[in-house]
Amino acid sequence: MKRLVALAAMFIMTAGLSFAGEWVGYLADEKCAAGGKAASEGHAGCAKKCVESGQAVAFVSEADKKVYKISNQAAVTEHVGHKVTLTGKLAGDSIEVENVKM
């Protein structure tokens, strides 16, 4: 029982930490990303228009189609609508982007 409590406490303490990683997927507008319409190059024009009109940029992982928020929007805006590889830190459901490769 003590081990279980210690393990649970360790999990809770590490849950708020950020983890470095690399992800492949598409940068899209947040609205379409949430609706599952954004994981393709064919969505690029629509995504750019939506971001220019005020929508936030989101990232859709190619591996599992999970949608992530981007904490530093300026790092990715010129790549909206494209398939990219992001390098950065994951904290919860948000990625702080350090590098973008097309």
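Residues numbered from 1 in each chain as written. Predicted model: local features only at pLDDT ≥ 70, side-chain atom pairs only at ≥ 80, totals over all residues. Heavy atoms only, no water.

**Some words on the nonpolar core**
Thinking step 1. Counting residues in each nonpolar core, the largest one holds 16 residues, and the members touching the most others are L27, F59, I70, V76, L86, I95 and V97.
Thinking step 2. Those elements that place two or more of their residues in this core are β1 (19-29), α3 (44-52), β2 (57-61), β3 (67-70), β4 (83-91) and β5 (94-101).
Thinking step 3. The residues touching I70, leaving out its near neighbours within four places in the chain, are L27, V57, A58, F59, V76, L86, S94, I95 and V97.
Thinking step 4. Judged by nonpolar contacts, the second largest core, of six residues, contains A28, A38, A58 and V60. (Core = buried A, V, L, I, M, F, W, Y, C linked by side-chain atoms within 4.5 Å. Buried < 20%, exposed > 50% of the residue type's maximum accessible area, 1.4 Å probe, protein only. Helix = DSSP H or I, 4+ residues; strand = E, 2+ residues; numbered from the N terminus. Contact = heavy atoms within 4.5 Å.)

**Description of the confidence of the model for the protein chain**
Thinking step 1. Looking at the protein chain, the pLDDT average stands at 88 and 85% of residues meet or exceed 70.
Thinking step 2. Here helix α1 (residues 2-15) stands out as the element of the protein chain with the lowest mean pLDDT, 60, in contrast to β5, whose mean of 98 is the highest. (pLDDT = per-residue confidence, 0-100.)

**Side note on the environment of L86**
Thinking step 1. On the secondary structure map, L86 appears in strand β4.
Thinking step 2. With relative accessibility at 0%, the residue L86 sits in the buried group.
Thinking step 3. Once residues lying within four places of it in the same chain are set aside, the contact partners of L86 are G21, E22, W23, L27, F59, I70, V76, I95, V97, N99 and V100.

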